[in-house]
Structures are given as C-alpha cells and as structure tokens.
Amino acid sequence: MSRSTGQDESLLDYALREIKARIQNGTYPPGTKLSTQEISDSLGISRTPVVAAINRLVAQGVAEAIPRRGTIVARLNGRQIKDMIDVRRMIEEFSIPLAMKNIDFYPEILQEMQEVTEYFTDNELSDYTVFANLDTKFHQLFVSLTGNQQLMNLYEMNWSVGALFYMYSVSKMPLSRHVKAFNHHKEIFAALLSRNEEELRVKITEHFNMIYDSIEWYESQINTMEKTK
C-alpha cells in the first residue's frame, strides 16, 4: 500500500522523520542495521526516498555506513550530542532579537507555541515520542519567528532534539527527571511575549544548562553500563 503525504511534506521528509522517530524512541537501537526494504515496506513508500533519508542520516552522524555490513544506527557519545546541542544553542540565541522583533507579524506561530506550552503543563510525562515531537515543534516555532528560511533549514538539519530523546531512551533516563526542563518552555514563552530580551536570554541559558547536565548524566550512565558488560 502506498502512502500519500501532505502538500508540505515530501516522501523524503516523511521517511526521514519516521526513521528519526524510531531511532529516538528505541525502535532502532544503536547498532541496528537500517534495512531499506523493511523501512520502505513499513512506511508504504518506495525504497528511493528511504535510501535518500538514510544517506542524510549518515551525513548528520546519526547513522554509520560500514563496508560489507550496510548502514547502522550510530552510538552517539556525549561529545557528539553536546556538539549538536551547541549548534542548536547558537541558532536559538541568534534568533532572540529577530523573534522578538517579529512577534506582531506571526500571531499564528505564537498561538501554536502557546498550545505546546499548555500541553507540557497539563499532561504527565510518559511518552518519549510525544514529548520529543512537542519539544521539537516548540523550538522550531521559536526559530521560525525570525522569518529566515535558511536559518530554519540549518536548524532542522541539526538533530539535537532527537539526539536528546535518543539519549534518554538508550540510557533509560526517566522522563520525570526532566519535568522542570519541559515546563521551562512556558517561562521562555512568557519572556518572549513580554518582549523582555534580557529575561528571554536568561531563560534560554537556564534551559540549555539543564540539557548539558543531562548529557553529563547520560555519559556517567553509559560508562557504568560499559563497565558492567
């Protein structure tokens, strides 16, 4: 059965999004071979966009092409994840003045951001994929307030949010550990609406500091796991 996508999403984008989701939620754990036939069959699309999506994952460092073995899901270490987060932080901090300047021009984006923050506040953390998608959406919406499509393209190419949820699932880190970080979106949004640039920078810095703390925790857990093998 073929799968049709919306006008705004190509088959490549669809395949890329679905494969990333399976990696970050543990369906494809580190070391798993990414079979183009199995993935194309499960998605109901041809192998061509799947191959292109996997090649893009290799370029991003999320997957690794190994001679005579095919392409496998990479085991990301703390350093690699931190590098991704550093790029994300650089883009978001650059976006602050532009986002605040454009608030009045994008009411629909602000409405979507508010809906995401309300979901984070009103719902209990339990599903990696749901909250990964919401977290991704919130930060993408924030960057999109800049009105800079090239910046958005760079931001979306960087798999930092997905890498975080990959990190949580691989290390079995409980999502409850990140209640404060998730609820922090509401504070970021409030600072944005108040047009308080200094406060917004403080909140974004605090948000990223919590992320860096999580990466350190992840590395300690992985080291412990390796020692007990």
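Below or above, wherever it landed, is the structure these notes cover. (Residues numbered from 1 in each chain as written. Predicted model: local features only at pLDDT ≥ 70, side-chain atom pairs only at ≥ 80, totals over all residues. Heavy atoms only, no water.)

Turning to the overall build of the protein chain, a few remarks are in order. Scanning the protein chain for helices and strands turns up 10 helices and 2 strands. For the protein chain, the sequential pattern of α-helices and β-strands runs α-α-α-β-β-α-α-α-α-α-α-α. Put simply, 73% of the contacts in the protein chain that link residues at least 6 apart link residues at least 24 apart. Carbon and sulfur atoms make up 50% of the accessible area of the protein chain, which amounts to about 11,800 Å² in all. (Helix = DSSP H or I, 4+ residues; strand = E, 2+ residues; numbered from the N terminus. Contact = heavy atoms within 4.5 Å. Areas by Shrake-Rupley, 256 points an atom, 1.4 Å probe, with all protein chains shown as cover.)

A few words on the packing of helix H4 (residues 78–101) against helix H7 (residues 149–157). One can describe the packing of H4 onto H7 by two numbers: an axis separation of 10 Å at closest approach and a directional angle of 155 degrees. Viewed along their axes, H4 and H7 adopt a mutual orientation that is roughly antiparallel. Crossing hand, H4 versus H7: left-handed. Across the interface between the two elements, Arg88, Ile91, Glu92, Phe94 and Ser95 of H4 pack against Leu151, Leu154 and Tyr155 of H7. (Axes fitted to C-alpha atoms, helices over the stretch in contact; angles between N-to-C directions. Parallel < 35°, antiparallel > 145°, perpendicular 65-115°, else oblique. Left-handed = near helix turned anticlockwise from the far one by under 90°.)

What follows is about the environment of isoleucine 72. Relative to the elements of secondary structure, isoleucine 72 occurs in strand E2 (residues 70–73). Separated by 44 residues in sequence, isoleucine 72 and tyrosine 28 place their C-alpha atoms 9.1 Å apart. With near-sequence residues (within four places) excluded, isoleucine 72 lies in contact with Gly31, Thr32, Lys33, Leu34, Ala63, Glu64 and Ile66.

Of the positions making up H7, those classed as buried are Leu151, Met152 and Tyr155. Buried residues of H7, viewed axially, fall in a sector of 100 degrees; they line one side. Structural note: H7 exposes Gln149, Gln150 and Met157 on the side pointing more than 90 degrees away from its buried face. Where H7 begins, one side-chain oxygen reaches toward the backbone nitrogen of glutamine 150, 3.1 Å away; that side chain belongs to asparagine 148. (Buried < 20%, exposed > 50% of the residue type's maximum accessible area, 1.4 Å probe, protein only. Arc of directions from axis to C-beta. Polar contact = N/O pair within 3.5 Å; in protein donor to acceptor, adjacent residues only side chain to side chain.)

As a further point, take the environment of arginine 22. Inspection of the secondary structure assignment puts arginine 22 in helix H1 (residues 11–24). Measuring from C-alpha to C-alpha, the distance between arginine 22 and tyrosine 166 comes to 9.3 Å, with 144 residues separating the pair along the chain. If near-sequence neighbours (up to four positions away) are discounted, arginine 22 is found in contact with Thr27, Tyr28, Glu38, Ser42 and Leu43. Polar contacts involving the side chain of arginine 22 include one to the side chain of tyrosine 28, which spans 2.8 Å.

On to the side chain of glutamate 92. Looking at the element boundaries, glutamate 92 is found in helix H4. Among residues more than four places away in sequence, those in contact with glutamate 92 are His139, Phe142, Val143, Tyr155 and Phe208.

For the rest of this paragraph, the subject is the pairing of strand E1 (residues 63–66). Sheet analysis places E1 next to E2, joined by 4 bridges and oriented antiparallel. Each residue of the ladder has a partner; that of glutamate 64, found in E2, is isoleucine 72. Joining the antiparallel neighbours E1 and E2 is a turn of 3 residues, in which arginine 68 adopts a positive phi near 65 degrees. (Pairing = 2+ DSSP bridges.)

By size, the foremost hydrophobic cluster in this structure holds 67 residues, and its most contacted members are Ile19, Ile23, Ile81, Met113, Phe142, Leu192 and Leu200. For this core, the element with the most residues is helix H10 (residues 197–227), which contributes 9 residues. Every residue in contact with leucine 200, bar those within four places of it in the chain, is listed here: Ile96, Met100, Phe142, Ile188, Ala191 and Leu192. (Core = buried A, V, L, I, M, F, W, Y, C linked by side-chain atoms within 4.5 Å.)

Everything listed is a geometric property; what it means functionally is a separate question.
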